[in-house]
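# Summary of the model geometry
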Amino acid sequence: MPSPDREPWNEQTTIRLLKAGMVLAVGLWALLIAFNNIVDYDANWQFVQHVLAMDTVFPDNALKHRAITDPRLQALAYRLIIAAEWTMGALCTFGALRLFRAWRSRARFIRAKAAAACGLTLIFLTYFVGFVIIGGEWFCMWQSPIWDGQAKAVMFLSCAMLVLIVLLMDEQRVLPS
């Protein structure tokens, strides 16, 4: 039996499907990043080690006392990054599936946005706070000619924020009946 709040296919339901697809794409991308960090652990492990050790920043940097050179703390930081990537991928993918199930009902679709919004916000927090603020400014990653990941981080968080903005826009305000 069809749901009483089920809407016919129209421009608004189409936009809901497009939003769910965008969230799914971001979720799959985040899961791929996490997967790659497990399968090719050493590639980004070196990145984390060098950024935290501050061993490639300007030689006369007065902030080098902030460096973390303990491999256990570096490994903990890397594992936290990977855990955040798995979580943001899982939240976005789960959120997208909820959105796909709710696309025919405006009220259900609005309620289904929460998990996706949490995943997209976690991407922002991971890459803005983790890579731009902590890595870029606290550990002076921007000074490293080799281990500066800020541009990639900004690209990642910008994509996530664009999808979050689109997701949270009300379809009825964009396309009035």
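The structure this text deals with has already been given above.
Now for a look at the structure at hand.

What counts, and at which threshold
Residues numbered from 1 in each chain as written. Predicted model: local features only at pLDDT ≥ 70, side-chain atom pairs only at ≥ 80, totals over all residues. Heavy atoms only, no water. Axes fitted to C-alpha atoms, helices over the stretch in contact; angles between N-to-C directions. Helix = DSSP H or I, 4+ residues; strand = E, 2+ residues; numbered from the N terminus. Parallel < 35°, antiparallel > 145°, perpendicular 65-115°, else oblique. Left-handed = near helix turned anticlockwise from the far one by under 90°. Nonpolar A, V, L, I, M, F, W, Y, C, P; charged D, E, K, R; others polar. Phe/Tyr/Trp six-rings, centres within 6.5 Å; stacked < 30°, edge-to-face > 60°. Buried < 20%, exposed > 50% of the residue type's maximum accessible area, 1.4 Å probe, protein only. Lys NZ or Arg CZ within 6 Å of the ring centre and 35° of its normal. Core = buried A, V, L, I, M, F, W, Y, C linked by side-chain atoms within 4.5 Å. Contact = heavy atoms within 4.5 Å. Salt bridge = Lys/Arg side-chain N within 4 Å of Asp/Glu carboxyl O. Patch = residues over 30% accessible without salt bridge, like charges linked within 9 Å, V, L, I, M, F, W, Y side chains within 5 Å. Areas by Shrake-Rupley, 256 points an atom, 1.4 Å probe, with all protein chains shown as cover.

Moving on: the packing of helix α4 (residues 106-138) against helix α5 (residues 150-168). When two helices pack together, their arrangement is captured by the angle between the axes and the distance separating the axes. Contact geometry for α4 and α5: axes closest at 9 Å, N-to-C directions at 155°. On the basis of the axis angle, α4 is roughly antiparallel to α5. For the crossing formed where α4 meets α5, the hand is left-handed. When the residues that make up the contact of α4 with α5 are grouped by side-chain class, the tally is 19 nonpolar, 3 polar and 2 charged.

Here we take up the packing of aromatic side chains. The description of an aromatic ring pair rests on the distance of the ring centres and on the angle between the ring planes. Scanning the model with the defined rule gives 11 aromatic pairs in all. Seen in terms of ring centroids, F58 and W142 are 5.6 Å apart; in terms of plane orientation they differ by 85°. Their pairing is edge-to-face. With F58 in the loop between α2 (41-53) and α3 (71-102) and W142 in the loop between α4 and α5, this residue pair connects regions lying 84 residues apart in the sequence. Relative accessible area serves as the criterion here: at 40%, F58 is assigned to the partly exposed category. Look at W142 and you get partly exposed, because its relative accessible area is 41%. Each residue in the set W29, F47, Y127, F131, W147 and F156 is aromatic and connected to the rest through ring pairs, giving one cluster. Lying over the aromatic face of W138, R66 brings its terminal NZ or CZ to 3.7 Å of the ring centre.

Next up on the list: the nonpolar core. Among the nonpolar cores identified, the biggest contains 42 residues, and V23, F47, L99, L120, I123 and Y127 are the most heavily contacted of them. Only α1 (11-39), α2, α3, α4 and α5 provide two or more residues apiece to this core.

This brings us to the environment of V48. Its place among the elements puts V48 in helix α2. Remark: the alpha-carbon pair of V48 and Q150, spanning 102 residues in sequence, is separated by 13 Å. Apart from the residues lying within four places of it in its own chain, the contact partners of V48 are Q74, Y78 and I81.

When the charged atoms of two side chains with opposite charge come close together, those side chains can pair. In the structure shown here, the tally under the stated rule is 2 salt bridges. Of the charged contacts, one joins R72 and D70 as a salt bridge, the two residues approaching to 2.9 Å between their closest N and O atoms. The class of R72 is exposed, set by a relative accessible area of 65%. A relative accessible area of 23% places D70 in the partly exposed class.

Turning next to a nonpolar patch on the surface. A cluster of nonpolar side chains, L125, F128, V129, I133, I134 and W138, forms an exposed patch at the surface whose accessible area comes to about 490 Å². Within the element layout of this structure, I134 appears in helix α4. Residue I134 is classed as partly exposed on the basis of its relative accessible area, which comes to 39%.

Where α1 contacts α4, the axes come no closer than 11 Å and their chain directions differ by 35°. At the point where α1 passes α4, the crossing takes the left-handed sense. Touching R16, K19, V23, V26, W29 and I33 of α1 are R106, F109, K113, A116, L120, I123 and Y127, all from α4. In the contact of α1 with α4, the residues fall into 9 nonpolar, no polar and 4 charged.

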